[in-house]
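# Descriptive structure summary
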Amino acid sequence: MNKAVDTDDFNLSECIAADREHVWHHLSQHKAYEQTDPLMIVKGDGMRVWNAAGKEHLDGVSGGVWTVNVGYGRESIANAVRDQLIKLNYFAGSAGNLPGAAFASRLIEKMPGMSRVYYSNSGSEANEKGYKIVRQIAHNYHGGKKHKILFRERDYHGTTITALSSSGQDQRKDQYGPFTPGFVQIPHCLQYRCQYDDETNYGVKAALEMEKVILAEGPDTVGSVVLEPITAGGGVITPPEGYWETIQEICKKYDVLLHIDEVVCGLGRTGTWFGYQHYGIKPDIVTMAKGVASGYAAISCTVTTEEVFDRFKADPDDPMSYFRDISTFGGCTSGPAAALENMRIIEDENLLDNTTAMGDYLMEKLRGLQNKYEVIGEVRGKGLFAGFEMVTDRKTKEPAPEGMLANVAADCMQQGVIIGRTNRCLDGLNNTVTLSPALIATTDDIDELVGAIDNAMDKHARI
Ligand SMILES: Cc1ncc(COP(=O)(O)O)c(C=O)c1O
C-alpha cells in the first residue's frame, strides 16, 4: 500500500468485497467483476488520485466526468462545509439560508443580465427546472400552446426520462423510451461532420436549421431551446463562427427562450466563468452543476433573468401561478457553502487565467500529436476542455473503432494517467478522446498527460 493512501477506519479488502457484492456502478457492465475487482479510487490530492492498490494516477478528466475543477484535497472547502453543517445543515428551500443567499449574490455578479438562482442538486434536475419554467409560462401566458422545447443532436442534458427526452444522443436514449412529449431535435453544428455540400458560412447555415424547425413546428408552439455552449459528451464540439449570433437572433425573432446548459462548462472550465460568455450570448435560463462546488458537495443551480422570474409573481391572487416546484435537497446548505469557497479559490488562485494559458498549451501539444498520428482527424476545445476525433482515414473521416480508443485509454491507465473518451453516446461515432484536467494544471501535468497519450497511440493507434 502506498503511504499516500490512508484508508483510516475502512478495511480495504472488506470494502472491495462489499462493493463487488452490493454496489451497482454507473455506466458499467458488471459481468467482468465476477472475476476482477472494479476500479476503486480511495484518495485524491491536487491533480492526482490513488486506487485501492495504492497506485497513483494523474487525473486528466477531473473525477471522470469534468467535475473536480479546483482539484482534490481542498481542506478549506471541507472546513467551510463542516462549519456550515454544524450551524445549520438543512432547511427546506422555501426558506432562505445564509450560504445560499451569499452564493447567489456572488454568482449573479459573474453573470451580467441574470438575476435569480434556484437551487437543486444535479445537472439533470437543474435542466428539468428550466423545462418546468418554460412549460408554466406556456400555460399561464400562451394558453398552453408555446410549450415545445428544442434540443440539438449530439447534446446531452441529463439522465432522468425528461432530461433524456431533451438529449440528442441515440445510444444514451436507446431502450429508455417512451419519452416525454414536446421535445424536438434540431441538427448538430459540428463543422468537421458538415451536413452540406458547401461548407461556406457553416455556422450560420447550421443555426438556420433551428429556424426551419421552428417554422415547421409553428413559432407559437415553441417555448425554448436548450443548448450546451460547447457540446461535451457528444464529442467536445466548439461552435462554428456565426453560430451563436444567428441562434440568438432567431430566438429573439420568434420569442423563444434561450436556455444554456453550463453543467460542464460552468465555473471556469473554458477560461471564463461560463462557456456562453465567450460568444456574447444573452441567455434567459442558465443551468449549472458539476464545477459549481467541484464535487465537494452536491449542488446545481437554475439561473434566470429577472424578466423570466417576474412572470411567476405577476398575479399574487392566483394561487397556481407561482413556481410550484420543490427539490428536498436543494435546501442542503453544504452545496452553497462549498460553492462559495470553490469560487473564492478560482478567484484567489487566478484559475481562469491559468485555464486559458494551460488550455492553449494543451491545444498546442494535441496539435503536435495530430501532426504525428494520422488517426487524429480533428482537435477541438476551449480552455481545459479538449478532445480529438480519431478516424481511420482523414479523407473519408471514417470513425476509428471504439476498441482502438478503449486500448489507448487502458494503456494510459496502465501508465498512471486517466483520460476520457466518448462512449455509449452516438451510434458509430464514439470516437472522441476527451480531456478535462483540473483548472490547477501546470505545464508539467499537461506534458505528462499528453506524453502518456503519445506512448499509448504509438502502440495502439497507428493506421
Ligand atoms: C451538459 C450536461 N448537462 C447535464 C448533465 C447531467 O448532469 P447530472 O449527471 O448531474 O444530472 C450532464 C452530465 O454529464 C452534462 O454533461
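Since this is a predicted model, take the numbers as computed values, not measurements.

Per the domain assignment, the segments making up the protein are domain 1 (12-70 + 350-460) and domain 2 (76-348). Its C-alpha centre places domain 1 at a distance of 26 Å from the equivalent point of domain 2. The interface is formed by 33 residues belonging to domain 1 together with 31 residues belonging to domain 2. Of all the secondary structure elements, the ones that give two or more residues to the side of domain 1 that touches domain 2 are α2 (62-66), α12 (351-372), β11 (376-381), β12 (386-393) and β16 (432-435).

The next thing to look at is the nonpolar core. Core analysis: the biggest nonpolar cluster contains 119 residues, and C301, A338, M390, V408, C412, I419 and I453 have the highest contact counts within it. Domain assignment of the residues forming this core places at least three in each of domain 1 (12-70 + 350-460) and domain 2 (76-348). Ignoring anything within four residues of it in the chain, the contact list for V408 reads V433, I453, A456, M457, H460 and A461.

Moving on, we come to the sheet that holds strand β2 (residues 48-51). One key point about sheets: their strands pair by backbone hydrogen bonds, in either a parallel or an antiparallel sense. The strand order across the open sheet formed by four strands is β1-β2-β3-β14, and the pairing between neighbours is mixed. Of all the strands in the sheet, just β1 (41-45) and β14 (417-418) have a single pairing partner and so form its edges. Note: β1 against β2, four bridges, orientation antiparallel. Among the inter-strand pairings, D45 is bridged to a residue of β2, identified as R48.

Listed in full, the buried residues belonging to helix α9 (residues 243-253) are Y243, W244, I247, I250 and C251. Looking straight down α9, one finds that the buried residues subtend no more than 125 degrees of arc, so they occupy a single side. Away from the buried face of α9 by more than 90 degrees, exposed residues K252 and K253 are located. Of the residues flanking the end of α9, it is D255, one or two places downstream, whose phi is positive at about 55 degrees.

Conventions we followed
Residues numbered from 1 in each chain as written. Predicted model: local features only at pLDDT ≥ 70, side-chain atom pairs only at ≥ 80, totals over all residues. Domains from an automatic or database assignment. Contact = placed C-beta atoms within 7 Å. Helix = DSSP H or I, 4+ residues; strand = E, 2+ residues; numbered from the N terminus. Core = buried A, V, L, I, M, F, W, Y, C linked by C-beta atoms within 7 Å. Buried ≥ 20, exposed ≤ 12 C-beta atoms within 10 Å, placed from the backbone. Pairing = 2+ DSSP bridges. Arc of directions from axis to C-beta.

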